[in-house]
Amino acid sequence: LGPSSLGLTILLLALLSLVPLPGPFGVIFGTLIVLTAIQFSLGERRLRVPRILYRVSLSRRFVNLAIEKGQPAVRWVEALVSPRRWLPLSGRRARAALVVPLVALALILAIPIPLGNFGPAASLIAFSIGILFRDGLVILVGLAMSIAAFAWTAILLVFGSVLASQFSLLIGWV
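Residues numbered from 1 in each chain as written. Predicted model: local features only at pLDDT ≥ 70, side-chain atom pairs only at ≥ 80, totals over all residues. Heavy atoms only, no water.

> What exactly am I supposed to notice about the confidence of the model for the protein here?
Do not read the fine detail of predicted coordinates wherever pLDDT is low. In this model, the protein carries an average pLDDT of 84, and 96% of its residues clear a pLDDT of 70 or more. When the elements of the protein are averaged for pLDDT, helix H3 (residues 60–80) gives the smallest value, 82, and helix H5 (residues 118–133) the largest, 91. (pLDDT = per-residue confidence, 0-100. Helix = DSSP H or I, 4+ residues; strand = E, 2+ residues; numbered from the N terminus.)

Following this line, the structure appears as structure tokens:
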């Protein structure tokens, strides 16, 4: 995949994070996004993965189906983005700064908070599209979305703990 592999990896992992899967998937996807974001910030041009993953392959049928189903979304995104727009936000110097929100969002994904994945995942999707197309305006939108995601996560954590304490009082656990 070359230079697109880092942005595409973040995009795919963020899309998978939108699916409400039980179990440790948030931790797995979040950890993989953190590792990819660190490679991105270090200026890597392509994704580096363990050798064992080089042997993993997808069936041609699955890939063709994914391409077929994804084409309308790709066309819609391509109509919105403009490559190399606001280049200072998508250039090499910006990579080091972008690791902070990318890692923070990935860590939030790893926390099992009910209704807590949508904001961080949507922010990561915007970031990855901005990275893929080198569109600084889309990256700026991702930054704005990440602020909203951080606020939403804080609200969920605060009110979740208040509700849990009230519930425990109600049933006599405290």
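> How should helix H1 (residues 5–18) be read in this particular structure?
Counting along an α-helix, one turn takes 3.6 residues, and residues three or four places apart therefore face a common direction. A rise of 1.5 Å per residue sets the reference length of H1, with its 14 residues, at 20 Å; its end C-alpha atoms lie 20 Å apart and thus fit the reference within 8%. Residues of H1 that are buried include every one of Ser-5, Leu-6, Gly-7, Thr-9, Ile-10, Leu-11, Leu-13, Ala-14 and Ser-17, and no others. (Expected span 1.5 Å × (residues − 1). Buried < 20%, exposed > 50% of the residue type's maximum accessible area, 1.4 Å probe, protein only.)

> Sorry if this is basic, but what is going on with the packing of H5 against helix H6 (residues 136–171) here?
To characterise two packed helices, one gives the angle between the axes of the helices and the distance between these axes. One way to put it is that H5 packs onto H6 with a least axis distance of 8 Å and a crossing angle of 165°. With respect to H6, the element H5 is oriented roughly antiparallel. Note on packing geometry: the crossing formed by H5 with H6 is left-handed. Contact with H5, carried on its side by Gly-119, Pro-120, Ala-122, Ser-123, Ala-126, Phe-127, Ile-129, Gly-130 and Ile-131, involves Val-138, Ile-139, Gly-142, Leu-143, Met-145, Ser-146, Ala-149 and Thr-153 of H6 and no other residues of that element. Along the lines of polarity and charge, the residues of the contact of H5 with H6 split into eleven nonpolar, six polar and no charged. (Axes fitted to C-alpha atoms, helices over the stretch in contact; angles between N-to-C directions. Parallel < 35°, antiparallel > 145°, perpendicular 65-115°, else oblique. Left-handed = near helix turned anticlockwise from the far one by under 90°. Contact = heavy atoms within 4.5 Å. Nonpolar A, V, L, I, M, F, W, Y, C, P; charged D, E, K, R; others polar.)

> Just to check I follow, could you spell out the layout of surface pockets for this structure?
By volume, the second largest pocket is sized at about 330 Å³. If you go around the second largest pocket, you meet 21 residues; those closest to its centre are Ser-17, Val-19, Pro-20, Leu-21 and Asn-117. Where the lining of the second largest pocket is concerned, the elements lending two or more residues are H1, helix H2 (25–41) and helix H4 (92–110). If you tally residues by element for the lining of the second largest pocket, the top one is H2, at four residues. When its residues are assigned to classes, the lining of the second largest pocket shows 16 nonpolar, five polar and no charged. (1 Å grid on protein atoms, 1.4 Å probe; cavity = no way out; pocket = protein on both sides within 12 Å on 5 of 7 lines; lining within 4 Å. Points joined across faces, edges and corners; volume = space filled by probe spheres on them.)

> How should I be thinking about the environment of Gly-30 in this particular structure?
Here Gly-30 is to be found in helix H2. Residue class for Gly-30 comes out buried when judged on its relative accessible area of 1%.

> Looking at this model, I keep getting lost on unusual backbone geometry. Mind explaining?
Most of the time, phi is negative for any residue but glycine, and the peptide bond is trans. Phi angles above zero are rare outside glycine, and Arg-134 is one such case at about 55°. Within the secondary structure layout, Arg-134 lies in the loop between H5 and H6.

> I keep staring at the side chain of Ser-5 and nothing clicks. Help me out?
In this structure, Ser-5 sits in helix H1. Given a relative accessible area of 5%, Ser-5 falls into the buried group. Among the polar contacts listed, one links the side chain of Ser-5 to the backbone nitrogen of Leu-47, at a separation of 2.8 Å. Not counting chain neighbours up to four residues away, the residues in contact with Ser-5 comprise Arg-46 and Leu-47. (Polar contact = N/O pair within 3.5 Å; in protein donor to acceptor, adjacent residues only side chain to side chain.)

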